[in-house]
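Results of the structural survey
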Amino acid sequence: MKKKMLSVLLCAAMTTALLAGCGGSSDNGTPSAGDDAGTTEAPAADAATDAPAAAGDALVYWSMWEATEPQGQAISQSIEAFTAETGIAVDVQFKGRTGIREGLQPALDAGTNIDLFDEDIDRVNTTWGSYLMDLEELAKANDYEATANAGLIAACREVGGGKLKSIPYQPNVFAYFYNMDIFEEAGVTKVPETWDEFLDTCQKIKDAGYTPITNDNAYISSLFGYHMSRLIGEPATEEVVKNGDWDNEAVLKTAQAYEELASKGYFSETIESNQWPAGQNTELAMGTAAMYLNGSWLPNEVKDIAGEDFRWGCFSYPTVDGGTDGTDASNYGAQVFAINAKSTKAEQAFQLITYLTKGEADALLSEMSVGIPADSGNSEWPALLTNVKPVMESMTTRYPWAAGAEANADMTPIIIENFTKVCGGSLDAQGFVDALKAAGN
């Protein structure tokens, strides 16, 4: 029965996609992937009359997606099914990333009728934390956690100050994604777990005639953050960045590790000029570069370029000698749903959230967006993410975005600019430290 319903939802979604003339990839809400503005509203349908519901009768849901994205299409189809099944009308307003990031807080402050909304786990719980309803009792009353991802629920409580104030969906993990065919051709039979093994892997790939590593301006700060966090842990890395403690020996050690990579020719020759999405689209997806530190949304973003035969591998950032954190630490999380603390329809809103994050609706979203399912009962992952599953399941320590490298917004562009130069070979390790110190004075 579940397969039959999923098939119906998929067929309906495909019809919507064809009519919209859009079936492209999505950015999964990451900071890099084009925060398109624009609002597309989908009128709520009354279950009995199939006419738009009265504004006061419908649940109002502000979504981070565009209506034409795979996520928006899947959510629209599931909401139609939800309304037909429950009689609860939903006014879903697709705001897009820029629309919700710039418009949600002013709207909430103005008392706009919004029952629930979604966005990244950290943004929802940190930036908009004061607007969130405590969901502990609703989750308990509905036995929500019975099939939820325990690690992600724990992450939601952690960022919610110990309380469950959001519900995760479309999980993601940040790791090294690689071309398995290049690894095999280069004779790499085991993914690197230590920095020495990583260096050996890079040399083999270079000897085989490929570029070992590519990156770009949108993600390169993560290279700095992850290496620092492997050395001294993420909390310490965050403190270094926030306080401008650039004399900390871990800063120089990190820069020296990447100076070595650059000196050995392991980076793309265009690393210093790469603007997102150049690295992922023109190098990784086209088969000239082997590895790219990115998120589990990457295979979906480049699937039309990479083609059906591209074999995706995944491994966690390697450990470093004398370091603090292991390969079980990374930025992993999800988009999350939250309920406005002032909503008068909390139970209905939670009912919708449960519907969208469980069973057929969760499977549909996973299928259409090539994403990780949130419901632990949906054990079948998209084929492109087969090798992401063991990495995701191995995580026990959660880093924030960029592993602390972007903890000081004023320094983020300085770190990106100068670390890019280190990777390109035009700046040495000490020059990197000096540049950060000069910028902080």
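All residue numbers here refer to positions counted from 1 along the written sequence of the relevant chain. Given that this is a predicted model, residues contribute local features only at a pLDDT of at least 70 and side-chain atom pairs are listed and counted only at 80 or more, while totals for whole chains, interfaces and linings are drawn from all residues. As a rule here, side-chain values cover all heavy atoms of the structure and leave hydrogens and water aside.

With that settled, the discussion passes to the overall build of the protein chain. Runs of H or I in DSSP of at least four residues are treated as helices and runs of E of at least two as strands, each being numbered from the N terminus. The number of helices and strands found in the protein chain is 18 helices and 11 strands. The buried label goes to any residue with under 20% of its type's maximum accessible area, the exposed label to any with over 50%, and the partly exposed label to all in between, with areas taken from a 1.4 Å probe on protein chains only. Every one of the 441 residues in the protein chain was classed for burial, and the buried ones make up 56%. The contact criterion used is simple: two residues touch if any of their non-hydrogen atoms lie within 4.5 Å. Put simply, 78% of the contacts in the protein chain that link residues at least 6 apart link residues at least 24 apart. Total accessible area computed for the protein chain in this model is approximately 17600 Å², and 49% of it derives from carbon and sulfur atoms. The method behind every accessible area is Shrake-Rupley, applied with a 1.4 Å probe, and residues are considered shielded solely by the protein chains displayed.

Before going further, it helps to spend a moment on the pattern of salt bridges. When a carboxyl oxygen of Asp or Glu lies within 4 Å of a side-chain nitrogen of Lys or Arg, that pair is called a salt bridge. Evaluated as defined, the whole model comprises 15 salt bridges. For Arg 123, the salt bridge is made with Glu 119, and the minimal N-O distance between the two is 3.1 Å. Look at Arg 123 and you get partly exposed, because its relative accessible area is 23%. Residue classification places Glu 119 among the buried residues on the basis of a relative accessible area of 0%. Between Arg 311 and Asp 181 there is a salt bridge, with its nearest N and O atoms 2.5 Å apart. In this pair, Arg 311 sits in the loop between helix H13 (298-306) and strand S8 (312-315) while Asp 181 sits in helix H7 (residues 180-186), placing the two residues 130 residues apart along the sequence.

If you look at the biggest cluster of nonpolar residues, it comprises 82 residues, and the most contacted ones within it are Tyr 176, Phe 224, Tyr 258 and Met 291. Of the residues forming this core, the biggest block, 7 residues, is contributed by helix H11 (residues 249-263). Once residues lying within four places of it in the same chain are set aside, the contact partners of Tyr 176 are Phe 198, Ile 213, Leu 223, Tyr 258, Met 291, Tyr 292, Leu 293, Gly 313, Cys 314, Phe 315 and Tyr 317. Take the buried Ala, Val, Leu, Ile, Met, Phe, Trp, Tyr and Cys residues and link them wherever side-chain atoms come within 4.5 Å; each set so joined is a nonpolar core. Within the second largest apolar cluster, 56 residues are counted, among which are Leu 138, Cys 156, Leu 356 and Ala 374.

Moving on, we come to the environment of Ser 263. If you trace the backbone, Ser 263 turns up in helix H11. Spatially, the C-alpha atoms of Ser 263 and Gly 424 are 8.8 Å apart, while their sequence positions differ by 161 residues. In protein, a polar contact means a hydrogen-donor-capable atom and an acceptor-capable atom, both N or O and within 3.5 Å, with residues adjacent in sequence counting only if both atoms are side-chain atoms; elsewhere, any N or O pair within 3.5 Å suffices. A distance of 2.8 Å separates a polar side-chain atom of Ser 263 from the backbone oxygen of Glu 260.

This brings us to the packing of aromatic side chains. The aromatic pairing rule takes the rings of Phe, Tyr and Trp, using the six-membered ring of Trp, and pairs them if the centres are within 6.5 Å, calling planes under 30 degrees apart stacked, those over 60 edge-to-face and the rest tilted. Under the counting rule described, the total for this entry stands at 29 aromatic pairs. Between Phe 174 and Trp 297, the ring centres sit 6.3 Å apart and the planes meet at 50 degrees, which makes this aromatic pair tilted. Pair noted here: Phe 174 is in strand S5 (residues 167-179) and Trp 297 is in the loop between strand S7 (289-295) and H13, with a separation of 123 residues, a long-range link. Residue Phe 174 is classed as buried on the basis of its relative accessible area, which comes to 1%. For the pair Phe 310 and Trp 312, a centre-to-centre distance of 4.4 Å together with 40 degrees between the ring planes defines the contact as tilted. Trp 312 carries the same exposure label as Phe 310, and that label is buried. Here the guanidinium or amino end of Lys 95 rests over the ring plane of Trp 62, the centre of that ring lying 4.0 Å away. Cation placement over rings: the criterion is NZ of Lys or CZ of Arg within 6 Å of the ring centroid and within 35° of the ring normal.

Residues in a regular strand project their side chains so that they alternate between the two faces of the sheet. In terms of residue burial, strand S3 (residues 90-94) counts as a mostly covered element, since 5 of its 5 residues are buried. Of the two faces of S3, both are covered, the one formed by Val 90, Val 92 and Phe 94 as well as the one formed by Asp 91 and Gln 93. As paired elements, strand S2 (residues 59-63) and S3 share 5 bridges and run parallel to each other. Paired with Ser 63 across the bridge in S3 is Phe 94. A crossover counts as right-handed when, viewed with the strands pointing away from the observer, the path leading from the first strand over the helix to the second turns clockwise. With respect to chirality, the unit in which S2 leads through helix H2 (residues 70-86) into the neighbouring parallel S3 is right-handed. The rule for pairing is simple: two strands pair if DSSP sees at least two bridges between them.

Turning our attention to the side chain of Lys 358. As for its placement among the helices and strands, Lys 358 is situated in the loop between helix H14 (346-357) and helix H15 (359-369). Within the buried set, Lys 358 has no salt-bridge partner at all; the shortest N-O distance to an opposite charge, 5.0 Å, is to Asp 375. Setting aside chain neighbours within four positions, we find Lys 358 in contact with Tyr 144, Thr 147, Ala 148 and Asp 375. When charges are counted, Lys and Arg contribute as positive and Asp and Glu as negative, whereas His and the chain ends are disregarded.

As a further point, take helix H3 (residues 96-109). The periodicity of an α-helix, 3.6 residues per turn, causes residues three or four positions apart to be oriented the same way. In a regular helix each residue adds 1.5 Å, so 14 residues correspond to 20 Å; H3 covers 20 Å between its end C-alpha atoms and thus fits that length. Here the bend at a residue is taken as the angle between two axes, fitted respectively to the seven residues that end there and the seven that start there. The sharpest bend along H3 reaches about 40 degrees and sits at Gly 103, with the proline Pro 106 one to four residues further on. Against the buried residues of H3 lie S2, S3, strand S4 (116-120) and helix H4 (121-127). Note on H3: the residue one or two positions beyond its end, Gly 111, has a positive phi of about 80 degrees. One less than the number of residues in a helix, times 1.5 Å, gives the span that helix is expected to have.

With that settled, consider the confidence of the model for the protein chain. When pLDDT is low, close inspection of the predicted coordinates is not appropriate. When pLDDT is averaged along the protein chain, the result is 89; 87% of the residues meet or exceed 70. Residue-level confidence of the predictor is what pLDDT reports, using numbers from 0 through 100. Long-range and interchain partners of residues 1-8, a stretch whose pLDDT sits below 50, account for 8 contacts in this model, where long-range means more than four residues apart. Low pLDDT, under 50, characterises residues 10-55; the stretch is placed with 96 contacts to residues that sit more than four places away or in other chains.

What follows concerns the pairing of strand S10 (residues 332-339). Within S10, 8 of the 8 residues are buried, which leaves the element mostly enclosed by the surrounding structure. In this structure, S4 lies alongside S10, joined through 5 bridges in antiparallel fashion. When the sheet's bridge partners are listed, Asp 120 is paired in S10 with Gln 335. As paired strands, S5 and S10 are joined by 6 bridges and run antiparallel to one another.

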